[in-house]
Amino acid sequence: MSDISEKDWKSALTSILEELDTQQYSKLLQCLSKIPKSQKTGKSRPKMSQKIIECYGLDESISAINDAIEEIPRRDADVQDLLRPFVTKLSNKPEKENRGKQKCDPVEEDKRPAAGKKRKRDPLEERRPAADQQKSRPPDKERNTHPTWKKSVSDLKSSSELRNTDGIAVKVVQKSGLRTYQTKDQVKKFFFYVAVADKTASMKLMVYGKERYQKIKEEKCYLFRRLIKDDVSVKVTTQSVMSETKSVEVPEELEMEARKLIYPKSPVCSIAEAKSCVDGTKTVVGTVTEIDPIGKVTVQDERKKIKRQNFQLKDDTGSVRICMWRKDTEQSKRLSAGDVVKVTNLKTNKYHESVSLNSTGSTRILEVQSVGIQNVTLQIEGIIKVTERETHLDADINQQLQVFVVASPLLAEAFGLKLDGNLIESLLDEIPLSAEAVIQGNKIKKITAASKM
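Only a predicted model underlies this, so the values are computations on that prediction, with no experimental measurement involved.

Colleague: I tried to follow the confidence of the model for the protein chain on my own but got confused; where do I start?
Modeller: On average, residues of the protein chain score 82 in pLDDT, and 85% of them reach the 70 mark or higher. Here residues 96-112 scores under 50 on pLDDT; set against residues more than four positions off or in separate chains, the count is five contacts. This stretch, residues 120-144, has a pLDDT under 50; its non-local contacts, to residues over four places away or in other chains, come to 11 contacts.

Listed below in structure tokens is the structure:
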């Protein structure tokens, strides 16, 4: 007879379920594939513990819960102190308690046919579906297919040591600049840091080798194996194995957490300082002097074109082009020339002699002072871009050429032109065009042809 009490296990299981938060509880239920989906909702946790035992049986429910708790994972004492005694008792039991008993069961002996005679078939057995005859054999999809070598970031952080076969699949959220160190023989070597995350946690890896700096890209996902863990960090050495893998799901809060691992604080600095220092992220404050339209550009290692918007920022020490990428363009499209803004967590990019500041996933544009509304006289000198919705143009104000944006219908009405596919040609035929306008930054709110006033 089993020395595991079903009553005690049900009480412990109920306590384990009540220790889980909503997300962990939902994940545990997903792991319990023997329970029909319709019976996973609408039940209190004490009732769910009874349902688990009903569907899995006493011994198998302990194994199933142990596997699910590992998958979540919850290795803290609050859960493990409840679960471990039952797992230990289960592991100490013989593989088959009734193996010897089955051989001498008199009932089974009576059912065996005499020598030379065929056993009569039970007519009910003949009608029994094949699937019913194999109930004891779980379907493939119900078996635990989670590979033992695959570890989560949470697993890696809690492990005291790693095996050569252990691996993690992670998203590279941020990469530091390339750094150097010297060996005992005074040989110069290279290393850098990457902030990585998966759905369980985030962490910082130390990566050795200059060649890997070019291979590892931010926003890409990789599988790392043969890592080394010491008291200080987890290291990707020249002996480690790295391969690109499919997309890894990372919650937004963990991605933001990862972005703070390499550069915890983004210091406010002058534009001149930001342009001269490549390493780390920077925060700059300045006045927006010029804004380009949002465009789509081809980037290496990207399958499709991505959004980019550039704007020029100026302070007392100089001026710099700031490039906002992907979803960050949603912030910059609200800017106007003349706005004073603080732009946080930017990375310096040097390309030949050109220096710009690029947005990161944690870049934010904070308005310090919005530009006011002005009445001006301007002269349109050039057309940059025309769509049915808006027109970007070069205009002279007080002998300074600036880029402005105006609604195309408003511009066409001001100069008596048709709003059709030939608007750009019509404007080019008429320029230079003088006008009175109401502007806010680089946006023209109202415009009237000077000749009509």
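Colleague: Explain the side chain of asparagine 358 here, please?
Modeller: As for its placement among the helices and strands, asparagine 358 is situated in strand S15 (residues 354-359). Beyond its immediate stretch of four places on either side in the chain, asparagine 358 contacts Cys323, Trp325, Leu346, Lys347 and Asn349.

Colleague: Help me out: how do you make sense of the nonpolar core in this one?
Modeller: In summary, soluble globular proteins display a tendency toward joint burial of nonpolar side chains. Trp9, Leu28, Leu32, Ile52, Ile65 and Ile69 are the most contacted members of the largest nonpolar core, which has 28 residues in total. If one sorts the elements of this core by residue count, helix H4 (residues 58-71) sits on top with six residues. Aside from chain neighbours lying at most four places away, what touches isoleucine 65 is Trp9, Leu13, Leu28, Leu32, Ile52 and Leu83. One finds Val406, Leu411, Ala414 and Ala449 within the second-largest nonpolar core, a separate group that totals 23 residues.

Colleague: What is the right way to read the environment of leucine 378 from this model?
Modeller: Along the chain, leucine 378 turns up in strand S17 (residues 373-386). The class of leucine 378 is buried, set by a relative accessible area of 2%. C-alpha separation for the pair leucine 378 and leucine 401, spaced 23 residues apart in sequence, amounts to 9.7 Å. Look past the residues within four positions of leucine 378 in its chain and what remains in contact with it is Ala395, Asp396, Ile397, Leu433, Ser434, Ala435, Ala437 and Ile444.

Colleague: What is the right way to read the pairing of strand S10 (residues 281-291) from this model?
Modeller: Every other side chain in a regular strand lies on the same face of the sheet, so the side chains alternate between the two faces. Note: S10 against strand S14 (residues 340-351), six bridges, orientation antiparallel. Pairing of glycine 286 across the sheet is with valine 341, part of S14. As judged from the four bridges shared by S10 and strand S12 (residues 306-315), these two strands associate in the antiparallel manner. The residue bridging valine 288 from the neighbouring strand is leucine 313, located in S12.

Colleague: Would you mind going over the sheet that holds strand S21 (residues 443-449) with me for this structure?
Modeller: Where strands meet in a sheet, backbone hydrogen bonds hold them as pairs that are either parallel or antiparallel. Read around the barrel, five strands follow the order S17-S18-S19-S21-S20 and close on themselves; strand pairing throughout is mixed. With strand direction ignored, the average angle separating the axes of adjacent strands in the sheet is 55 degrees. By the bridge criterion, two bridges tie strand S19 (residues 400-407) to S21 in an arrangement that is parallel. Opposite valine 406, over in S21, you have isoleucine 444 as the bridge partner. With respect to the sheet, helix H16 (residues 423-430) is in contact with S17, strand S18 (390-397) and strand S20 (433-440), its orientation differing from that of S17 by roughly 115 degrees.

Colleague: Looking at this structure, how should I read the packing of aromatic side chains?
Modeller: To describe a pair of aromatic rings, one takes the distance between the centres and the angle between the planes. Scanning the model with the defined rule gives six aromatic pairs in all. Summarising the aromatic geometry, the rings of tyrosine 181 and tyrosine 208 are spaced 5.8 Å apart at their centres and angled 80 degrees between planes, so their arrangement reads as edge-to-face. Of the two residues, tyrosine 181 is situated in strand S3 (residues 179-182) and tyrosine 208 in strand S5 (residues 202-208); the sequence distance between them amounts to 27 residues. Each residue in the set Tyr181, Phe191, Tyr193 and Tyr208 is aromatic and connected to the rest through ring pairs, giving one cluster. One residue, arginine 45, lies across the ring of tyrosine 25, its end atom 4.0 Å from the ring centre.

Colleague: Would you explain the pairing of strand S6 (residues 221-225) in this entry?
Modeller: For S6, the tally of buried residues reaches four of five residues, placing the bulk of the element in the interior. The pairing of strand S2 (residues 167-175) with S6 spans five bridges and is antiparallel. Along S6, the bridge assignment pairs isoleucine 168 with phenylalanine 224.

Colleague: Hey, could you run me through the pattern of salt bridges in this one?
Modeller: Oppositely charged side chains can pair when the atoms bearing their charge come close. By the definition in use, this model includes 12 salt bridges. Here arginine 74 ties to aspartate 76 by a salt bridge, and the two come within 2.5 Å at their closest N and O atoms. One network of salt bridges, with partners in common, ties together Glu70, Arg75 and Asp155.

Colleague: Got a minute to help me understand the packing of helix H1 (residues 6-19) against helix H3 (residues 45-56) in this structure?
Modeller: Packed helices, taken two at a time, are described by the angle their axes make and the gap between the axes. Close contact between H1 and H3 brings their axes to 9 Å; oriented N to C, the two are set at 130 degrees. Taken together, the axes of H1 and H3 are oblique relative to one another. In the crossing of H1 with H3, the sense of the turn from one axis to the other is right-handed. Along its contact with H1, which presents Glu6, Trp9, Lys10, Leu13, Thr14, Leu17 and Glu18, the element H3 presents Arg45, Pro46, Met48, Ser49, Gln50, Ile52 and Ile53.

Colleague: Just checking my understanding: could you explain a negative patch on the surface for this structure?
Modeller: A contiguous patch of negative charge on the surface is contributed by Glu18, Glu19, Asp78 and Asp81. Taken together, the elements giving at least two residues each to the negative patch come down to H1 and helix H5 (77-92). Take glutamate 18: it is sitting in helix H1.

What counts and what doesn't
- Residues numbered from 1 in each chain as written.
- Predicted model: local features only at pLDDT ≥ 70, side-chain atom pairs only at ≥ 80, totals over all residues.
- Heavy atoms only, no water.
- pLDDT = per-residue confidence, 0-100.
- Contact = heavy atoms within 4.5 Å.
- Helix = DSSP H or I, 4+ residues; strand = E, 2+ residues; numbered from the N terminus.
- Core = buried A, V, L, I, M, F, W, Y, C linked by side-chain atoms within 4.5 Å.
- Buried < 20%, exposed > 50% of the residue type's maximum accessible area, 1.4 Å probe, protein only.
- Pairing = 2+ DSSP bridges.
- Axes fitted to C-alpha atoms, helices over the stretch in contact; angles between N-to-C directions.
- Phe/Tyr/Trp six-rings, centres within 6.5 Å; stacked < 30°, edge-to-face > 60°.
- Lys NZ or Arg CZ within 6 Å of the ring centre and 35° of its normal.
- Salt bridge = Lys/Arg side-chain N within 4 Å of Asp/Glu carboxyl O.
- Parallel < 35°, antiparallel > 145°, perpendicular 65-115°, else oblique.
- Left-handed = near helix turned anticlockwise from the far one by under 90°.
- Patch = residues over 30% accessible without salt bridge, like charges linked within 9 Å, V, L, I, M, F, W, Y side chains within 5 Å.
- Areas by Shrake-Rupley, 256 points an atom, 1.4 Å probe, with all protein chains shown as cover.
- Lys, Arg positive; Asp, Glu negative; His and termini not counted.
- Charge placed at Lys NZ, Arg CZ, Asp CG, Glu CD.

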